Amino acid sequence: MDNLIIEPWETDDLTDEFFVPDYIEQIAQEVLKSYDLSVNSKQVITTKADKGGAIWKLETSSGPKSLKLLHRRPTRSMFSLGAQEYLVKVQEARVPPIVKTKDEKDYVEAGGKLWFVAEWIEPLVPVTKDLEGAKHLCYALGEFHRLSKGYEPPQQSEVASRLRKWPSSYEKMIKKMDWFRNIANVYRELPASTHLLNVVDLFEEQARNSLTRLNQSSYSELIKKGNAFWGLVHQDYGWSNGQMGSNGMWIIDLDGVAFDLPLRDLRKLISGTMADLYRWDVHWVREMIKSYHESNPLTTELYEILMIDLSLPNEFYKNIKEVVYDPELFLNDQTTQLIQTIVDTDQTKWPVLEEIAGDWRGME
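Residues numbered from 1 in each chain as written. Predicted model: local features only at pLDDT ≥ 70, side-chain atom pairs only at ≥ 80, totals over all residues. Heavy atoms only, no water.

Looking at an unreviewed UniProt entry, one finds the chain named CotS family spore coat protein, with Peribacillus huizhouensis as its source organism.

**Q** Lay out helix α5 (residues 193-215) with the relevant residues and their values.
**A** When the terminal C-alpha atoms of α5 are compared, their 32 Å separation across 23 residues agrees well with the 33 Å that a helix rising 1.5 Å per residue should span. At V199, α5 shows its maximal bend, which comes to roughly 35 degrees. (Helix = DSSP H or I, 4+ residues; strand = E, 2+ residues; numbered from the N terminus. Expected span 1.5 Å × (residues − 1). Bend = angle between axes of the 7 residues up to and from the residue.)

**Q** Requested: an account of the nonpolar core, with residues and values cited.
**A** Membership of the largest hydrophobic core comes to 83 residues, with the highest contact counts inside it found for F180, L261, I270, I289 and F316. Non-local contacts of L261, meaning those with residues more than four positions away in its chain, are made with L163, W166, Y219, L222, W230, V233, L302 and I305. Core analysis: the second largest hydrophobic core is formed by 29 residues, Y35, L69, L70 and A110 among them. (Core = buried A, V, L, I, M, F, W, Y, C linked by side-chain atoms within 4.5 Å. Buried < 20%, exposed > 50% of the residue type's maximum accessible area, 1.4 Å probe, protein only. Contact = heavy atoms within 4.5 Å.)

**Q** Go over the packing of helix α9 (residues 282-295) against helix α13 (residues 333-356), please, and point to the residues and values.
**A** Any two packed helices are characterised by the angle at which their axes cross and by the distance between the axes. Packing of α9 against α13 leaves a shortest axis separation of 10 Å and a crossing angle of 50 degrees. The angle between α9 and α13 falls in the class oblique. Seen from above, α9 lies across α13 with right-handed handedness. Across the interface between the two elements, V282, V285, R286 and I289 from α9 touch V352, E355 and I356 from α13. Its residues assigned to classes, the contact of α9 with α13 shows 5 nonpolar, no polar and 2 charged. (Axes fitted to C-alpha atoms, helices over the stretch in contact; angles between N-to-C directions. Parallel < 35°, antiparallel > 145°, perpendicular 65-115°, else oblique. Left-handed = near helix turned anticlockwise from the far one by under 90°. Nonpolar A, V, L, I, M, F, W, Y, C, P; charged D, E, K, R; others polar.)

**Q** A description of the side chain of H71 should follow, citing residues and the corresponding values.
**A** Here H71 shows up in the loop between β3 (63-70) and α2 (74-90). With relative accessibility at 14%, the residue H71 sits in the buried group. Contacts of H71, omitting those with residues within four sequence positions, involve K48, K51, G52, G53 and K113.

This is the structure:
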């Protein structure tokens, strides 16, 4: 058992979505022996089979808990667990407290991964999928970013920081556009190829313009302030990971946190919400930014970076990048419709960005 290394596991249409291999269940039982808990039941809640992660809900004599198998490298997981502890103990943020082991540790290492137990917060309900819900999410996100400032990672952890990676991530997007073009040319006979070729130049130009604007912005000066000054981004924030509890909004699933300019979370939330609406709505965007600003004030410089990041063809890139893995499966009629929807939604973005471009003058 000591020599077992947890690996991603295969799933198919016949596999139960909550399936976890027996050897991992056995390791989970061993892990729980490190805790002073009387466990009445253990139920798989979600899995990341392709990465080798899972979450169980535990019913114990001291209330419900979660048991998490973190799929990342142990040193990377130490970073996120240190952040969770900092937010709870130092900043009193509404994130689930970590339950200590019998020897007062935050985690157990087993199977080459880190495991930890946290309080299961009840009740938690998703906010409504309307503007008021979006505003709740944005306010809570700003609060999370503000409280995460000053975090110093444990010495033995690897420092997860995207603070200096913005130019390279923009450049990567531009490079991938050329990949999309080349793949569509090779597979010209497939249904979505012509449609992809018709629009990829437009989106590549958008990405190039965004990179030029980033290089001309105050980005290089802002990042000099360093990791601790800016704090953490969640990286996977949305309706499922920001939920309403009895005493306010809670933020859960902090496994992927990293140092960065806080705007990346906000940009993702705005562009994802507009994609769900199938159109950009200037009132929604303004209200979401305003709600964020109320809990974590934006400067003119940060607002400029937000506008630049919103100008990237984020939704096109996010949805089309899968083409590189299996072009023949991906370039189908469904993708043709997807591309058209992205193009139609994108056309509604530019008037909104133009209208709100000057709003920063009133932000400070």
